[in-house]
Amino acid sequence: MSPDLPPVDPSVTAGLVAALSPRLRKRLDAGVAKLADRPVVRDGDTVRIAVDDSTEVELHAPGGTVTGADAIRCGCLLAPDCLHRAAAASAAPVAEPSAAAGPAEADTTAPETPGAEEPGEPELGEPETATPEQCAAARVLHAAAAAVLEAGTDGSGAVVQAELLRAAHTARLAGLPRAAATAVSVVTALRRARSADPAYLLADLVGALRDALTAALRLPRARGRELAELRGTVRQPYRPDGSLRLYGLFTEPVLTATGYAGAVTWTADAEGRLYQVPDVAPGGAGRAAGAADRTLRVGDTALTHRELSRAGLAVSGATVSPSGRLGAGAGVRAVRASGAGWRADPLDRLWAVPAGEQAARALGGGHGLLFLEVTLVGTVREASGDCLLARCGGVLVRLTAAHDHPALPHRDNLRLLAAARGSRLRIVARLTPAPHPRALLLAAEHPTLPDSRVDLGLDRLQHADLPSGSASPAPPAEVLAPDEAPVHLLGRRVRQAASGGRLVLSFPGETDADVRRLDRAGLGTAGELLHELHAAAAQRSRDVFGRLLPADPDRFARAWLAAARYTDEVDRALCAAAWGGA
C-alpha cells in the first residue's frame, strides 16, 4: 500500500479486479508489487505512476479520492482491460466511508461533518429486523472474512482483498456503514502485514476479523437497538450543547494507513468532560508532523493546535458529536480564553480519579484516555521495541510509543524519558487492553520545567531537558519474569490462525496437553474452544471416490470467532483486575 497514491473507493478496486481474466488475476499481486517500486508524480488532482519508459497509469482524484473506475487510466495497449489499472487501485489506500461507523467508535481516522440529523426514536410495536438486502450483505461479508482465515496473511493477496472491498461496498449500499468499515479495516491490516509496515500489529488484524465476523453473524438475527448498533451511522450526529468554557489539554497527531493525517486537540470543561477539536484530512506524514502549528478556526477564533492545547476557549452555540467532537457550523461563536495548568483547577481533577476507575471506564467504551501520576522506573525490551516502565500506585505500567513512524517523535521521546528514571510526572495515555497495565503514551509534564507539558507526538525533547543525576535502577523483578495467564494458550492459536491461516492449526500438536492445562486452571470453556478450533481446522471429508473435499470454512470461521471473542472478554477482565490496584 503506497501512501503516495490517493485513496480509492472500495467499489472501484472491487470492480476492476472482478473484471480481470483468471490469467491476469494470478498475476495481480506481482503487478501490485511492481507498481509499488515505480516513481509517482502528483500534479494537482492527478497522480501518475510510470509503469515503464513508455507507459503511465493516471489516477484522477478530484476532492482527494478516486471515486470511479474511469478515473484510473492506463496508456498501455491492453487498456482498459489491462492489469495495471487493477494493480494501481489495489496498491492505493482504501477510501474511508464519509466519517463513519458504529456508535461505539470514536476514532480520528477521518473528519466528521456537522449537521447530520439524529435518528428518531424507534416506533412502538414489533422490533425492526434486518432487510433481505442487509442479510445478503452479511453473507457476503462472512464469506470474505472466512476466506482470510482460510488463507492467512500470505495468501490474502489483492484478489482476496478485492472480495472484502466488494463486501464493504455491498454493505454500504445495504445501509450497513459499520459492517462496511470493518471490512475496510481487515483490508488495511492485511496490506500492512503484507508490506511489512512497521505500524502493523497482529492484534489489529485479529480485532478487525473478529468485528467483521461478529457483524456478519449477528445481523440476520438482530432486532431493535442491537440492529441499530450493528448498522452504525454514516455520519455521527452533532447536537446543540449551548455555551462551553473549555481548557486545552494536549494535542496528538493523526496518521492513518488509509491516507488521512492531521491532529486532534483535546480540551476539557470545568466538570471534566472531554471535547475534541479535529483537523484531519487526506494527507501523509508531513501533514501530521506539521500539525502543531496549523491554524484551526473555531467560530470566529483562529488558533494553532499548539496554542489551543495550552489556552482555552469560550464557545457559544456549540454543537458536539456523541464522541465529543466540536462542530464548526455557521452558528458557532468562540473567543480565546485563558488556559489552565495540569495541576490547577479545573484540569487537576482529571488526575484525581483513581486509575482503576479510569481503566474500567475506558474498557466500557469510553474515550480511552488515562490521566495518571507516575514515577518513571526504567525500560523493558519487548518484541516491538523498548517500552517505558512507570509505577502508578501499586502497579507497574508499560508505556509504549503511540506511533512508530519516523516523522513523528513518539519513539525518540520515549527513549529520552527512559533516561529520566526517578522523575515523578503527570501523563496522558491511551489504554491498551492487555492482561497487564499497558498504555500508549501521548503527553507528559516536562521533566524539568514546572507547569510545562510536552505533546509527545509533536514536540521533541532534547537531552538538555532531562534532569541531571537521574537514578538508574534495574527493571523490577516482577517485570523481568511476568506470570502469564493460561488463557494465552487459546489466544496464541487465535493469532496464529489469523496470520497463517487454517492450515497452521490442522496438524497434530500439543492440543491435548494445552486443554488439560486450561482445565486445571479452571478455564474449561477455553479448553473446549481450543479443542473445537483444532478439530474444525483439521476436518476434511472425502467424496465417493475417496478424494479429499475442501475444508468447511464456515465451521472454522465460527470456531475461530468463538475463541477470539472469549479471549477478548477474558483479556478485558484481566486488564480491569490488573489496573484495580493502581
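Residues numbered from 1 in each chain as written. Predicted model: local features only at pLDDT ≥ 70, side-chain atom pairs only at ≥ 80, totals over all residues. Heavy atoms only, no water.

### Observations regarding the nonpolar core
Logical step 1: V186, L209, F556, W560 and Y566 are the most contacted members of the largest nonpolar core, which has 65 residues in total.
Logical step 2: When near neighbours in sequence (up to four residues on either side) are disregarded, L209 contacts A145, V148, L149, V186, A498 and W560. (Core = buried A, V, L, I, M, F, W, Y, C linked by side-chain atoms within 4.5 Å. Buried < 20%, exposed > 50% of the residue type's maximum accessible area, 1.4 Å probe, protein only. Contact = heavy atoms within 4.5 Å.)

### So, helix α17 (residues 524–538)
Logical step 1: Its 15 residues place the ends of α17 21 Å apart at the C-alpha level, agreeing with the 21 Å of an ideal helix rising 1.5 Å per residue.
Logical step 2: Listed as buried for α17 are A526, G527, L529, L530, L533, H534, A536 and A537.
Logical step 3: Against α15 (488–500), α16 (511–520) and α18 (553–579) lie the buried residues of α17. (Helix = DSSP H or I, 4+ residues; strand = E, 2+ residues; numbered from the N terminus. Expected span 1.5 Å × (residues − 1).)

### A word on α18
Logical step 1: Over its 27 residues, α18 runs 38 Å from end to end, which matches the ideal 39 Å to within 8%, given 1.5 Å per residue.
Logical step 2: Residue D552 occupies the N-cap position of α18, its side-chain oxygen lying 3.0 Å from the main-chain nitrogen of D554. (Polar contact = N/O pair within 3.5 Å; in protein donor to acceptor, adjacent residues only side chain to side chain.)

### Remarks on the pattern of salt bridges
Logical step 1: On inspection of all chains with the given rule, the structure shows 35 salt bridges.
Logical step 2: In this structure, the salt-bridge partner of D9 is R172, at a minimum N-O distance of 3.1 Å. Taken together, the residues D9 in the segment before α1 (10–18) and R172 in helix α6 (residues 158–173) connect sequence positions 163 residues apart.
Logical step 3: Assessed through its relative accessible area of 13%, D9 is described here as buried.
Logical step 4: On the basis of relative accessibility, which here comes to 30%, the residue R172 falls in the partly exposed class. (Salt bridge = Lys/Arg side-chain N within 4 Å of Asp/Glu carboxyl O.)

### Focus on the sheet that holds strand β1 (residues 40–43)
Logical step 1: The antiparallel open sheet is built from four strands, whose spatial order is β1-β2-β3-β4. At either end of the open sheet lies a strand with only one pairing partner, and these are β1 and β4 (72–74). The average angle at which neighbouring strand axes cross in this sheet is 20°, direction not considered.
Logical step 2: Of the pairings in the sheet, the one linking β1 to strand β2 (residues 46–50) comprises four bridges and is antiparallel in character. Note that in β2 the partner of D43 across the bridge is T46.
Logical step 3: Packed onto the sheet, helix α4 (residues 83–91) meets β2, β3 (56–60) and β4 and runs at close to 140° relative to β4. (Pairing = 2+ DSSP bridges. Axes fitted to C-alpha atoms, helices over the stretch in contact; angles between N-to-C directions.)

Note that all results are geometric; they support no functional claim without further evidence.
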